[in-house]
Amino acid sequence: MQADLRDPGLILERAAGLLDFGQPVAVMPIAVLHLIQDSEDPWGIVARLMDAVPPGSYLAISHPALDVHHAQPTIQKVYNANVSTPQTLRTRDEVARFFTGLDLVEPGLVQVHQWRPDPDDFAPEGVFSNHGAVGRKPGA
Ligand SMILES: C[S@@+](CC[C@H](N)C(=O)[O-])C[C@H]1O[C@@H](n2cnc3c(N)ncnc32)[C@H](O)[C@@H]1O
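Residues numbered from 1 in each chain as written. Predicted model: local features only at pLDDT ≥ 70, side-chain atom pairs only at ≥ 80, totals over all residues. Heavy atoms only, no water.

**Description of the overall build of the protein**
Along the protein, the regular secondary structure elements total four helices and five strands. Starting at the N terminus and walking to the C terminus, you meet the elements of the protein as α-β-α-β-α-α-β-β-β. A compact globule built from 140 residues would reach a C-alpha radius of gyration of about 14 Å, and the protein, at 16 Å, matches this within 12%. Projected onto its principal axes, the C-alpha coordinates of the protein cover approximately 45 × 40 × 25 Å. The proportion of buried residues among the 140 residues of the protein is 39%. Taking all contacts inside the protein whose residues are at least 6 apart in sequence as the whole, residues at least 24 apart take part in 70%. The positive charge centre, built from 10 side chains, and the negative charge centre, built from 17, are 4 Å apart in the protein. (Helix = DSSP H or I, 4+ residues; strand = E, 2+ residues; numbered from the N terminus. Rg over C-alpha atoms; globule rule 2.2 N^0.38 Å. Buried < 20%, exposed > 50% of the residue type's maximum accessible area, 1.4 Å probe, protein only. Contact = heavy atoms within 4.5 Å. Lys, Arg positive; Asp, Glu negative; His and termini not counted. Charge placed at Lys NZ, Arg CZ, Asp CG, Glu CD.)

**Things to note about the site of the ligand**
Within the structure, the ligand sits among Ala3, Asp4, Leu5, Arg6, Ile30, Ala31, Val32, Leu35 and Ile36. One of the side-chain N or O atoms of Asp4 is found 2.9 Å from a nitrogen atom in the ligand. Bound to the protein, the ligand loses 44% of the 590 Å² it would expose on its own. A class-by-class count of the residues in the shell around the ligand yields seven nonpolar, no polar and two charged. (Near = heavy atom within 4 Å. Polar contact = N/O pair within 3.5 Å; in protein donor to acceptor, adjacent residues only side chain to side chain. Areas by Shrake-Rupley, 256 points an atom, 1.4 Å probe, with all protein chains shown as cover. Nonpolar A, V, L, I, M, F, W, Y, C, P; charged D, E, K, R; others polar.)

**Concerning the nonpolar core**
Within soluble globular proteins, side chains that are nonpolar tend to cluster in buried spots. Grouped together as the largest cluster of nonpolar side chains are 21 residues, with contacts concentrated most on Leu5, Leu49, Met50, Leu59, Ile61, Phe98 and Phe99. Of all the secondary-structure elements, those providing two or more residues to this core are α1 (8-16), α2 (42-52) and β2 (58-64). Take this core: its biggest share by element is five residues, from α2. Ignoring any residue separated from it by four or fewer positions in sequence, one finds Phe98 in contact with Leu33, Pro42, Trp43, Val46, Leu59, Ile61, His63 and Arg90. (Core = buried A, V, L, I, M, F, W, Y, C linked by side-chain atoms within 4.5 Å.)

**Describing unusual backbone geometry**
A cis amide bond, omega 10°, links Glu106 with the succeeding residue Pro107. Even without being a glycine, Ala31 presents a positive backbone phi close to 55°. Tracing the chain through its elements places Ala31 in the loop between β1 (26-27) and α2. Unusually for a residue other than glycine, Asp41 sits at a positive phi of about 55°. By secondary structure assignment, the location of Asp41 is in the loop between β1 and α2. Residue Asp41 is classed as partly exposed on the basis of its relative accessible area of 38%.

**Topic: α1**
An α-helical segment advances 3.6 residues per turn. Residues three or four places apart therefore align on the same side. Where α1 is concerned, the buried positions are Pro8, Ile11, Leu12 and Ala15. End-on view of α1: buried residues confined to an arc of 95°, all on one side of the axis. Those residues of α1 that are buried are in contact with α2. (Arc of directions from axis to C-beta.)

By themselves these figures say nothing about function.
Encoded structure:
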């Protein structure tokens, strides 16, 4: 389906016709929450989606980082001065807030290339780092 993430009610309504909400569901806002500004309450959007799915469901997030490389705040400023859709890079603590009430699966909230890497994976730590984690809704 096509829908605006800022309208979680519509997403849930349409998803209910496609998915069995009696079974665990994977909610995967990958590389998209930085396009939702703080004033649009991305944490509330994610909480609304996770409230609607059954226990045992998972939340997987990859989110561009603000606090891994010293150049990231400047990059954000320059980028946002030149685009119509601003991006909001976030700190590790801000990304952790998306997982409130969920159990993080190992290895927790890390740079995405540190999340269960294969031994010969490329490790691109630096300006374009992303925070990433998978959380499980408890209670199942
Ligand atoms: C960096 S891409 C990531 C796409 C995909 N999740 C992936 O990992 O390959 C960001 C995507 O978010 C979409 N997007 C931006 N704002 C959105 C919104 N408010 N609701 C839904 N999608 C949005 C863009 O159109 C784009 O396809």
